[in-house]
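# Survey of secondary and tertiary structure
The chain contents come next:
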Amino acid sequence: MTLQRSLAIPVFFLVDRDCLSQVRERLQEKNLVFNRPLVLSGPTRTRVIAARLVELLSLPEEWLETTASNSASEVTRIGAIVDNRQHDAIIAVGGGKVLELIDEFGPETFAVE
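Report follows, based on the coordinates. (Residues numbered from 1 in each chain as written. Predicted model: local features only at pLDDT ≥ 70, side-chain atom pairs only at ≥ 80, totals over all residues. Heavy atoms only, no water.)

### Digging into the sheet that holds strand β2 (residues 64–66)
The 3 strands are arranged β2-β1-β3 in an open sheet whose pairing can be described as parallel. If you trace the sheet from one side to the other, it starts and ends with β2 and β3 (89–93), each paired once. Between one strand axis and the next, the sheet turns through 25 degrees on average, direction left out of account. When strand β1 (residues 37–41) meets β3, the two strands line up parallel, connected through 5 bridges. Each bridged residue has a counterpart across the sheet, and for Leu40 the counterpart in β3 is Ala92. On the sheet, helix α3 (residues 72–85) packs against β1, β2 and β3 and is oriented at approximately 170 degrees with respect to β2. (Pairing = 2+ DSSP bridges. Helix = DSSP H or I, 4+ residues; strand = E, 2+ residues; numbered from the N terminus. Axes fitted to C-alpha atoms, helices over the stretch in contact; angles between N-to-C directions. Contact = heavy atoms within 4.5 Å.)

Below, the structure written as structure tokens:
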């Protein structure tokens, strides 16, 4: 017997001045409250944005990870970090490789762009 489940994840898009400062409020409006999120970004411009998000959410700096690849080994590395640190969500900042990488974690994974 195989147990399967579907999960409808709300998707929202926000364009506003200083929208990073609104992330916590916007997540709470959608009843998305996490205690131990990992913030994942690319190594360039999005790293600066992700670092600012970590600061605004009052998260420990070590909860920010950077990736330059969506390879199988990188999926394994990020998965181990999530498991070892017991993160309850991944907030992806960026596009391309970052979103492709978290897509490998399955249908219960979502991204805030």
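Back to the text.
### Points about helix α2 (residues 45–56)
An ideal rise of 1.5 Å per residue puts 16 Å on 12 residues; α2 measures up with 17 Å between its terminal C-alpha atoms. Buried residues belonging to α2 abut α1 (23–29), β1, β2 and β3. (Expected span 1.5 Å × (residues − 1).)

### A closer look at α3
Along its 14 residues, α3 runs 20 Å from first to last C-alpha, staying within 8% of the 20 Å computed at 1.5 Å per residue. The set of residues buried in α3 consists of Glu74, Val75, Ile78, Gly79, Ile81 and Val82. Down the axis of α3, the smallest arc covering the buried residues is 155 degrees, so these residues share one side. Opposite the packed face of α3, turned more than 90 degrees from it, sit the exposed residues Ala72, Ser73, Thr76, Asp83 and Asn84. Of the surrounding elements, those touching the buried residues of α3 are β1, β2, β3 and α4 (97–103). Directly after α3, the chain includes Gln86, whose backbone phi takes a positive value near 60 degrees. (Buried < 20%, exposed > 50% of the residue type's maximum accessible area, 1.4 Å probe, protein only. Arc of directions from axis to C-beta.)

### Notes on the nonpolar core
Residues Val39, Leu53, Leu59 and Ile91 are the most contacted members of the largest nonpolar core, which totals 13 residues. Elements with a minimum of two residues in this core: α1, α2 and β3. It is α2 that contributes the most residues to this core, 3 residues altogether. Setting aside its immediate chain neighbours within four residues, Val39 contacts Ala50, Leu53, Val54, Leu59, Trp63, Leu64, Glu65, Ile91 and Val93. (Core = buried A, V, L, I, M, F, W, Y, C linked by side-chain atoms within 4.5 Å.)

### What about the pairing of β1?
Counting buried positions along β1 gives 5 out of 5 residues, so the element sits mostly inside the fold. Going residue by residue along β1, you find Pro37, Val39 and Ser41 tucked away on one face and Leu38 and Leu40 tucked away on the opposite face as well. Sheet analysis places β1 next to β2, joined by 3 bridges and oriented parallel. Residue pairing in the sheet places Val39 in a bridge with Leu64 of β2.

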